[in-house]
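# Architecture and fold: a report
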Amino acid sequence: MIDNPCVVSCEWLLQHLDDSQVVIVDCRFSLAQPQLGRQQYQESHIPGAYYLDLNQDLSSPVGEHGGRHPLPNSIELAQKLSAIGINSQKTFVVAYDDSRLAFASRLWWLLRYFGHERVAVLNGGFSAWEKAGYPVTDVIPEPRIATFVPNLQPQMVVDFLGVKNRKDSQEVVLVDSREQDRFLGIREPTDKIAGHISGAVNYFWQEVTDSAGFLLPQQEQRQRWLELEDAKDIFVYCCSGVTACVNLLSLELAGIPTAKLYPGSWSDWISY
């Protein structure tokens, strides 16, 4: 078990399905098949869960710079969060996916960036919920009335110039969250240029969970980041600012809550 407000178990969620102060968000998504997550949601989801789409809801349209998943417009996302019953600082949000927290962590991080601390990921995701034999449904919940007011936390992000100007400082550690062969430039299935930002160290995001999608114990999360705990600043990036959020969740569990996301990540870096 992980004793941290950022994580809830399937058992906990089962006991709070009817809690009016809890909103569940299904974040399932496939980068290869962008419509798949929504289709899966429409077929079967945790009762009461709403759906937020990585491309349509949790990102802005792609531009010349900013990477493949730019941060969403704060006013637009706030309206969507209000419509699914999330009141600022009051509602407890539980995000889940079926991809080892890749997309649930994006929502977890975004809500905190928007100033909403009451958010957690579901340990084990939808697969763990199903394997436990807990209820699922295809009923889409009705919109709700709430008021979400964004309160952006600029200290949680670093942009292209911030990375460029500070990445070689002894006070900064730049963390690349991609798998090793992409970090080394051996394979690049998505972006036009292979490799990594010079000076970066590689911490693959999938090492945060086990093969079933459960977070490793907190002691192992702490051990994972031991070499970085004295860094004044940690900048975390991936391909487009999505899976890096899993590493940011791991850092939070390890007791290092001040790491920053480079939202544009590698796909933004190579656009300059």
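Residues numbered from 1 in each chain as written. Predicted model: local features only at pLDDT ≥ 70, side-chain atom pairs only at ≥ 80, totals over all residues. Heavy atoms only, no water.

### Considerations on the sheet that holds strand E3 (residues 50–51)
Strand order in the open sheet formed by five strands is E1-E5-E4-E2-E3, with parallel pairing between adjacent strands. Each having just a single partner strand, strand E1 (7–8) and E3 make up the two edges of the open sheet. Here strand E2 (residues 22–26) runs beside strand E4 (residues 92–96); their pairing, made up of five bridges, is parallel. For Val 25, the partnering residue across the bridge sits in E4 and is Ala 95. Across the face of the sheet, helix H4 (residues 104–113) comes into contact with E2, E4 and strand E5 (119–122) while running at roughly 175° to E5. (Pairing = 2+ DSSP bridges. Helix = DSSP H or I, 4+ residues; strand = E, 2+ residues; numbered from the N terminus. Contact = heavy atoms within 4.5 Å. Axes fitted to C-alpha atoms, helices over the stretch in contact; angles between N-to-C directions.)

### Here's the deal with the UniProt feature "domain: Rhodanese" (unreviewed entry) in the protein
The sites that carry the UniProt feature "domain: Rhodanese" (unreviewed entry) are, in the present numbering, residues 18–138 and 168–271. The distance separating the terminal C-alpha atoms of residues 18–138 is 17 Å; by composition the span is 29% helix and 13% strand. End C-alpha atoms of residues 168–271 are separated by 20 Å, and the span's content is 25% helix alongside 13% strand. (UniProt positions renumbered as here; feature names shortened; annotations may be inferred.)

### What to know about the pattern of salt bridges
Enumeration over the complete set of coordinates arrives at 15 salt bridges. Linked by salt bridges that have partners in common, Arg 166, Glu 171, Lys 232 and Asp 233 make up one network. (Salt bridge = Lys/Arg side-chain N within 4 Å of Asp/Glu carboxyl O.)

### What about the nonpolar core?
Membership of the largest hydrophobic core comes to 75 residues, with the highest contact counts inside it found for Ile 46, Trp 109 and Leu 215. The residues contacting Leu 215, other than those within four sequence positions of it, are Ile 2, Val 7, Leu 101, Val 121, Asn 123, Val 208, Thr 209, Gln 221, Leu 249 and Leu 253. Core analysis: the next-biggest nonpolar cluster, separate from the first, contains 14 residues, Val 158, Val 172, Trp 266 and Ile 270 among them. (Core = buried A, V, L, I, M, F, W, Y, C linked by side-chain atoms within 4.5 Å. Buried < 20%, exposed > 50% of the residue type's maximum accessible area, 1.4 Å probe, protein only.)

### Let's talk about the packing of H4 against helix H9 (residues 244–253)
For the pair H4 and H9, interaxial distance at closest approach is 8 Å and the crossing angle is 65°. With respect to each other, H4 and H9 are oriented roughly perpendicular. With respect to the hand of their crossing, H4 and H9 are arranged in left-handed fashion. Two secondary-structure elements touch here, H4 through Ser 105, Arg 106, Trp 108, Trp 109 and Arg 112 and H9 through Cys 245, Val 246, Leu 248, Leu 249 and Glu 252. (Parallel < 35°, antiparallel > 145°, perpendicular 65-115°, else oblique. Left-handed = near helix turned anticlockwise from the far one by under 90°.)

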